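Here are the chains, one letter per residue:
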Amino acid sequence: MNKYSLRQHLAQELGPHLSTFKATSFDDANDVHLCSDETTGEVYDFDAYVRGLGADPIPASPDAIHAGGKDFYFVEFKNQRSADIDKTQLQRKFKAGTEILKKLLQDFSARDCRYHFCVVMKNQPRARYMDFGHIERNVVRFGLDELNQKLGGFYDHVVTESLDFYIDQFKKLQCA
């Protein structure tokens, strides 16, 4: 195995947990998938990986990992409006998931790899009159940028946006 290839490293470590964005975005409480993409490759079910580690209790962790070229995406799906997301729970997932991820990558020697933590939220309803969404979008970060810096700045980017943002930014993403 090439210790500089993120894709090879993840395939070796997470191979049994190969999945799709559709499967990893499933909200069992509401019986709905936030994302319908089944075509994007190299998506791994991080929750399944964490359950397989055998920790008791099972630590909170993000839903999926995706390796794309030199970019690594750690993804948490939230089938909620931003105002309804529990900030404390999201920060616990961020912290515990990052610790597990660092252990997973400890034998990997990344070169020019960019790490992204993404929170994908339910699309927000469009305003009928005055749209204050642009103000909300600039504020909503759930304290993850600060937590990332406090934990050593592991992630190059922390992105907390609605599903529409990701569809617009990543043209290959087949979410509808």
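Residues numbered from 1 in each chain as written. Predicted model: local features only at pLDDT ≥ 70, side-chain atom pairs only at ≥ 80, totals over all residues. Heavy atoms only, no water.

Participant: Requested: an account of the pattern of salt bridges, with residues and values cited.
Facilitator: Throughout the structure, instances matching the rule amount to 5 salt bridges. A salt bridge links Glu42 to Arg7; the shortest N-O distance between them is 3.1 Å. Of this pair, Glu42 sits in the loop between strand E3 (32-33) and strand E4 (43-45) while Arg7 sits in helix H1 (residues 6-14), and the two are 35 residues apart along the sequence. Assessed through its relative accessible area of 26%, Glu42 is described here as partly exposed. As a salt-bridge pair, Lys93 and Glu76 come within 3.0 Å of each other at their nearest N and O atoms. Of the two residues, Lys93 sits in helix H4 (residues 87-104) while Glu76 sits in strand E6 (residues 71-78), which places them 17 residues apart along the sequence. Per residue, the accessibility class of Lys93 equals that of Glu76, and both read buried. (Salt bridge = Lys/Arg side-chain N within 4 Å of Asp/Glu carboxyl O. Helix = DSSP H or I, 4+ residues; strand = E, 2+ residues; numbered from the N terminus. Buried < 20%, exposed > 50% of the residue type's maximum accessible area, 1.4 Å probe, protein only.)

Participant: An account of H1 is requested, with residue identities and associated values reported.
Facilitator: Where H1 is concerned, the buried positions are Leu6, His9, Leu10 and Leu14. One side of H1 holds all its buried residues, which, seen down the axis, span an arc of 100 degrees. Looking at the packing, one finds that the buried side of H1 touches strand E1 (18-19), E4, helix H3 (46-52), strand E5 (64-68), E6 and H4. (Arc of directions from axis to C-beta. Contact = heavy atoms within 4.5 Å.)

Participant: An account of the sheet that holds E4 is requested, with residue identities and associated values reported.
Facilitator: Reading across the sheet, the 6 strands line up as E1-E4-E5-E6-E7-E8 and stay open at both edges, with mixed pairing between neighbours. What marks the edges here is a single partner per strand, and that holds for E1 and strand E8 (157-162). As judged from the 5 bridges shared by E5 and E6, these two strands associate in the antiparallel manner. When the sheet's bridge partners are listed, Ile65 is paired in E6 with Phe74. Of the strands in this sheet, E5, E6, strand E7 (114-121) and E8 touch H4, which is tilted by about 150 degrees from E6. (Pairing = 2+ DSSP bridges. Axes fitted to C-alpha atoms, helices over the stretch in contact; angles between N-to-C directions.)

Spatial relationships are all this shows, so hold off on functional conclusions.
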